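Analysis of the macromolecular model
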Amino acid sequence: MPLFRINLSAILLWCTGLGFQSVSAQPHLEVITDTIPGTEIHFSMVGLQGSSFMMGTPEREHGRDLDEGPQQEVSVSSFYIGIHEVTYDEFLLFSSSERDSDEGAPGIDYDPDLIARPSPPYEDPAHGMGSNGFPAVGMTQWSALQYAYWLTTKTGIFYRLPTEAEWEYACRTGQATAFSFGESADSLSVYGWHYGNSNETFQQVGQKKPNSWGIYDMHGNVAEWTLDEYSSSFFEQLVADTMMVDPWITPTRLHPRTVRGGAYDDSPESLRCGARLRSDLDWKRRDPQIPRSMWWNTDSPFVGFRIVRPYIQPTPQEQAEFWSVALGQ
């Protein structure tokens, strides 16, 4: 299970030329809003300055699992991240060919007939818990990546899932505490949906208070796919270097992948910034298809995703190399 080091900067141009900065020194680049071509549906992203931070959790942290350390100093390059989790409304444009238009961004020759789309799910991925304005859920990590590929193709802007390091950096907002708002979970219900306040269902995005960088639902609501294949020894691999830049454990198989953030049906310990969850084949337990769907998990309405984009866009060749690795194309 290799720790990808071809220099993600070489493939993704994650290095922005801005250099690494202190987390406390102007972490925001800007807030941008993109509209999906041919629709009125839009989404917002916040730009974060690249920096180094301590990834992982200290041994004394309450609820800590063994796969959360030892802590290691990691650097991430500047990137934009979705202020909200990708919503049902956004994902439906991709998953339903009837709702997708043939309109791309200016200068983009977009053909909706050339897009690989999800097969109809065996059952409602949301299990009846919500649609418009709610997070999209129940898709596989591969399916979430295919959404990012579709959005890239339609807009001409490169989008993808966040790496574990990027996700944790955005969640921590420069803090070394268990939650972005402090060490104690006493204020958790102000910032996130969890077992104690959700009535065991996920909620519309953006209903709770955002973290200090303006990002909503990083603690709870639905857990979120990251770009990495899950490894219990992730931090041991990092420890071999004094500092890692933009680490990414590249996929070698469909499972397990790493999920972050915790969900509406989780206890507070699972919503910590450093908590990690590995995907499980049981998330497809009721899928009757043989082979089982590449697109949907019948039993994981607690998992969704949010997207990121590099501050400087990679070239078409670099994008093709990335999709070849990420999607096995």
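In short, a report on the structure. (Residues numbered from 1 in each chain as written. Predicted model: local features only at pLDDT ≥ 70, side-chain atom pairs only at ≥ 80, totals over all residues. Heavy atoms only, no water.)

Turning our eyes to something else, we now look at the sheet that holds strand β7 (residues 223-229). Spatially, β11-β10-β7-β12 is the arrangement adopted by the four strands of the open sheet, whose pairing is mixed. Sheet topology places β11 (276-278) and β12 (303-304) at the edges, where each strand pairs with a single neighbour. Against the sheet, helix α3 (residues 141-155) engages β7 and β10 (257-260), with an angle of about 90° to β7. (Pairing = 2+ DSSP bridges. Helix = DSSP H or I, 4+ residues; strand = E, 2+ residues; numbered from the N terminus. Contact = heavy atoms within 4.5 Å. Axes fitted to C-alpha atoms, helices over the stretch in contact; angles between N-to-C directions.)

This part is about the nonpolar core. Among the nonpolar cores identified, the biggest contains 47 residues, and F91, Y147, W150, W225 and F305 are the most heavily contacted of them. Where this core is concerned, the elements lending two or more residues are β3 (42-48), α2 (88-95), α3, β7 and α7 (316-327). For this core, the leading source of residues is α3, giving seven residues. Not counting residues up to four positions away in its chain, the partners in contact with F305 are E85, V86, F91, A136, M139, A144, Y147, L161, A223, E224 and W225. Within the second largest apolar cluster, 24 residues are counted, among which are F79, I215, F234 and V308. (Core = buried A, V, L, I, M, F, W, Y, C linked by side-chain atoms within 4.5 Å. Buried < 20%, exposed > 50% of the residue type's maximum accessible area, 1.4 Å probe, protein only.)

Note on helix geometry: an α-helix contains 3.6 residues per turn, so any two residues three or four positions apart are oriented the same way. Burial analysis of helix α4 (residues 164-172) places nine of its nine residues in the buried class, which makes it a mostly covered element. By the burial criterion, the buried members of α4 are E164, A165, E166, W167, E168, Y169, A170, C171 and R172. Count one or two residues on from α4 and you reach T173, which has phi positive near 50°.

Looking at where P251 falls in the secondary structure, it is placed in the loop between β9 (248-249) and β10. Using a relative accessible area of 17% as the deciding quantity, one classes P251 as buried. C-alpha of P251 to C-alpha of L227: the two residues are 24 residues apart in sequence and 8.3 Å apart in space.

Before going further, it helps to examine the packing of aromatic side chains. Going through the model one piece at a time under the given rule, you end up with 27 aromatic pairs. Through a chain of ring-to-ring contacts, three or more aromatic side chains come together here, namely F91, F94, W142, Y147, W150, W295, W296 and F305. Directly above the aromatic system of Y80 lies the positively charged group of R309, at a separation of 5.1 Å from the ring centroid. (Phe/Tyr/Trp six-rings, centres within 6.5 Å; stacked < 30°, edge-to-face > 60°. Lys NZ or Arg CZ within 6 Å of the ring centre and 35° of its normal.)

Moving on: the pattern of salt bridges. A full pass over the atoms with the stated rule returns 16 salt bridges. E229 serves as the salt-bridge partner of R253, at 3.6 Å between the closest nitrogen and oxygen. With a gap of 24 residues between them, R253 in the loop between β9 and β10 and E229 in strand β7 connect regions that are remote in the sequence. The partly exposed category is assigned to R253, whose relative accessible area is 45%. E229 gets classed as buried once you look at its relative accessible area, which sits at 0%. Through salt bridges with shared partners, one network takes in D67, E164, E168, R172, R260 and R276. (Salt bridge = Lys/Arg side-chain N within 4 Å of Asp/Glu carboxyl O.)

All right, on to the side chain of E90 then. Topologically, E90 is positioned in helix α2. Of the buried charged residues, E90 lacks a salt bridge, with R306 as the closest side chain of opposite charge at 10 Å. E90 has contacts with I36, I41, H42, F43, Y147 and W150, leaving out every residue within four places of it along the chain. (Lys, Arg positive; Asp, Glu negative; His and termini not counted.)

So, to be careful, I would describe these as geometric facts and stop short of saying anything about function.
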